[in-house]
Amino acid sequence: MEHLLSLFVRSIFVDNMIFAFFLGMCSYLAVSKTVKTAVGLGIAVTFVLVVTLPVNYLLQTRVLSADGIFGIDLSFLSFILFIAVIAAITQLVEMVVERFSPSLYASLGIFLPLIAVNCAIMGASLFMQQRIVKGESDPQFIGGVADAISYALGSGIGWMLAIVGLAAIREKMAYSNVPAPLRGLGITFIVVGLMAMAFMCFSGLKI
Amino acid sequence: MSQLFSKKNKEVFATPLGLNNPVTVQVLGICSALAVTAKLEPAIVMGLSVTIITGFSNVIISLIRRTIPNRIRIIVQLVVVAALVTIVSEILKAFAYDVSVQLSVYIGLIITNCILMGRLEAFAMSNGPWESFLDGLGNGLGYAKILVIVAFFRELLGSGTLLGFRIIPQSVYDAGYINNGLMVMPPMALVIVACIIWWQRSRHKELQDK
């Protein structure tokens, strides 16, 4: 229980997907213009993460590893299998959202199918693959489906926190006088850099 | 032969290196561009890997573009890219193990690199194999160029070395110079990319946002 909580908090603040690893930057920069769409995308990313990570965990430990059902080390296939799982689940989420909430479907638009190529989701699966082999005493160790879900939820919420924060700053920034060559992309990068520096103060956090 | 290197094809190859750079203008592939640039060597390896993969995935998708059903094209593209990335990752593990450890998950993340999907969707799905190959190489090299520039400054100012060789002499350190530790931390990568964008946009007014 303690480990679950520590994994969760660490993945929000210390191992934040955006500020520590720069994962999911493309949609992070593209969709952070208004707070409302940022929240919608954040929820969608968190949901896809929470569903895909346990599935990929089971694939990695039961099928691909040397003591899985085939008895041989198939981990070189992991890239293809992980991305197939992610693409399939994104498609599923898209269909469910379209069926039950057409208004949310319309507001997310093209970004819903693009979650499949969001690096944060693929990245979480690849980090999980590295964390399985860590020692049990390591705070980053993932040793079961519950750990995987906790890590996925934390990473998703961390990502959402980052995108909502940036969207709020950019909404205010629309009123400020930025030098012309920096306007738009340039100043956004600097703002993200400053936010990342602020998040560095969490890196000594011990739970 | 002259047709292979016509003016249009040269343009397809050259614009991503400058005015239509994938990182600073199209804003694609930022994730790995920032994460692997603390040292020059992994940045060069990463740039080359991405160049090779964009080139060949563009050719493959361009060859089969008429047979891919529209609804499942993203999955087909992902599978082609994932297969190429697996090959590159295994080659790196075999011949450049140290670099592949440094790059860790970011080699696998080439699959979800937006440059690849962007070029496949925007170019390879509607152009012939040879043009697509040039476009892939051009975009890959445009990406590699930014990576090398960022890594050059981060390694020089952050560790005082280039490719592992000491550049800043010991006497300078004795005189009280200290490496800028912030340079090797993630946030400075963002600020350096912002400076490159600043420089590029102040030279080319047409790129500026209104």
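Here the structure is a predicted model, which is why all the values come from computation and not from measurement.

> Looking at this structure, I do not really get the overall build of chain B. What am I missing?
Looking only at helices and strands, chain B features 10 helices and 2 strands. Ordering the α and β elements of chain B from the N terminus gives α-α-α-α-α-α-α-α-β-β-α-α. Dimensions of chain B along its principal axes, counting C-alpha atoms only, are 65 × 45 × 35 Å. Here chain B, with 210 residues, has 51% of them falling under the buried criterion.

> Mind showing me how you'd approach the confidence of the model for chain A here?
Residues shown with low pLDDT carry predicted positions that ought not to be read at fine detail. Of the residues in chain A, 98% reach a pLDDT of 70 or more, and the chain-wide mean stands at 84. Ranking the helices and strands of chain A by mean pLDDT puts helix H8 (residues 145-173) of chain A first, with 92, and helix H6 (residues 111-114) of chain A last, with 72.

> Mind showing me how you'd approach the interface of chain B and chain A here?
Interfaces are often sized by the amount of accessible area the parts lose when they come together. Opposite the 41 residues of chain B that make contact, chain A presents 38 residues. Of the roughly 3,500 Å² buried at the junction of chain B and chain A (both faces included), carbon and sulfur atoms supply 82%. Area buried by chain B at its contact with chain A is led by B:Cys31, B:Thr112 and B:Leu190, which between them contribute 16% of it. At the junction of chain B and chain A, the tally comes to 0 salt bridges. At the boundary of chain B with chain A, the tally comes to 1 residue pair in polar contact (both at pLDDT 80 or more). Taken together, the elements giving at least two residues each to the side of chain B that touches chain A come down to helix H2 (30-35), helix H4 (73-95), helix H6 (105-108), helix H7 (114-122) and helix H10 (186-203) of chain B. Broken down by element, the residue count for the side of chain B that touches chain A peaks at 11 residues, all from H10(B). Among the residues forming the side of chain B that touches chain A, the class breakdown is 27 nonpolar, 9 polar and 5 charged.

> What is the right way to read unusual backbone geometry from this model?
All names here are of chain A. One non-glycine residue, phenylalanine 22, adopts positive backbone phi at about 55 degrees. Relative to the assigned elements, phenylalanine 22 resides in the loop between helix H1 (2-13) and helix H2 (25-30). When its relative accessible area of 2% is taken as the criterion, phenylalanine 22 is described as buried.

> What should I look at first to understand H4(B) in this one?
The periodicity of an α-helix, 3.6 residues per turn, causes residues three or four positions apart to be oriented the same way. Helix length check: H4(B), at 23 residues, gives a terminal C-alpha distance of 33 Å against a target of 33 Å (1.5 Å per residue), a fit within 8%. When H4(B) is considered as a whole, its buried residues turn out to be B:Gln77, B:Leu78, B:Val80, B:Val81, B:Ala82, B:Leu84, B:Val85, B:Thr86, B:Val88, B:Ser89 and B:Leu92. Buried positions along H4(B) lie against helix H4 (78-100) of chain A together with helix H3 (40-63), helix H5 (97-103), H6 and H7 of chain B.

> How do you make sense of the environment of A:Thr46 when you look at a structure like this?
Residues and elements named next belong to chain A. With respect to the helices and strands, the residue threonine 46 is situated in helix H3 (residues 35-64). Taking the C-alpha atoms as reference, threonine 46 lies 16 Å from leucine 7; in sequence the two are 39 residues apart. Threonine 46 has contacts with Leu153, Gly156, Ile157 and Met160, leaving out every residue within four places of it along the chain. Separated by 3.4 Å, the side chain of threonine 46 and the backbone oxygen of glycine 156 make a polar contact.

> So what exactly am I meant to see when it comes to the confidence of the model for chain B here?
When the pLDDT values of chain B are averaged, the result is 84; 98% of them are 70 or greater. Overall fold confidence for the complex sits at a pTM of 0.85, while the interface term, ipTM, reaches 0.81.

> Before we go on, may I ask you to explain the pattern of salt bridges in this structure?
Side chains bearing opposite charge may pair, as long as their charged atoms lie close to each other. This structure, assessed with the given rule, holds 4 salt bridges over all chains. With a closest N to O distance of 3.0 Å, A:Asp15 and A:Arg131 form a salt bridge. Of this pair, A:Asp15 sits in the loop between H1 and H2 while A:Arg131 sits in helix H7 (residues 119-132), and the two are 116 residues apart along the sequence. With respect to burial, A:Asp15 and A:Arg131 carry one shared label: buried. The partner of B:Arg73 in a salt bridge is B:Glu121, and the shortest N-O contact between them spans 2.8 Å. Note that B:Arg73 is positioned in helix H4 and B:Glu121 in helix H7, a separation of 48 residues in sequence. The class for B:Arg73 is partly exposed, based on a relative accessible area of 22%.

> How do you make sense of the packing of H8(A) against helix H9 (residues 185-199) of chain A when you look at a structure like this?
In helix packing, the relevant descriptors are the interaxial angle and the interaxial distance, both defined with respect to the helix axes. Residues and elements named next belong to chain A. In the contact formed by H8 and H9, the axes pass within 11 Å of each other and the chain directions differ by 130 degrees. Our classification of the angle between H8 and H9 gives oblique. The crossing of H8 and H9 is right-handed. Facing Leu161, Ala162, Gly165, Leu166, Ile169, Arg170 and Met173 of H8, the residues of H9 in contact are Ile187, Thr188, Val191, Val192, Met195 and Phe199. Across the contact of H8 with H9, the residue classes tally to 10 nonpolar, 2 polar and 1 charged.

Cut-offs used in this document
- Residues numbered from 1 in each chain as written.
- Chains lettered and ligands numbered in written order.
- Predicted model: local features only at pLDDT ≥ 70, side-chain atom pairs only at ≥ 80, totals over all residues.
- Heavy atoms only, no water.
- Helix = DSSP H or I, 4+ residues; strand = E, 2+ residues; numbered from the N terminus.
- Buried < 20%, exposed > 50% of the residue type's maximum accessible area, 1.4 Å probe, protein only.
- pLDDT = per-residue confidence, 0-100.
- Contact = heavy atoms within 4.5 Å.
- Buried area = accessible area lost by both parts, 1.4 Å probe.
- Salt bridge = Lys/Arg side-chain N within 4 Å of Asp/Glu carboxyl O.
- Polar contact = N/O pair within 3.5 Å; in protein donor to acceptor, adjacent residues only side chain to side chain.
- Nonpolar A, V, L, I, M, F, W, Y, C, P; charged D, E, K, R; others polar.
- Expected span 1.5 Å × (residues − 1).
- Axes fitted to C-alpha atoms, helices over the stretch in contact; angles between N-to-C directions.
- Parallel < 35°, antiparallel > 145°, perpendicular 65-115°, else oblique.
- Left-handed = near helix turned anticlockwise from the far one by under 90°.

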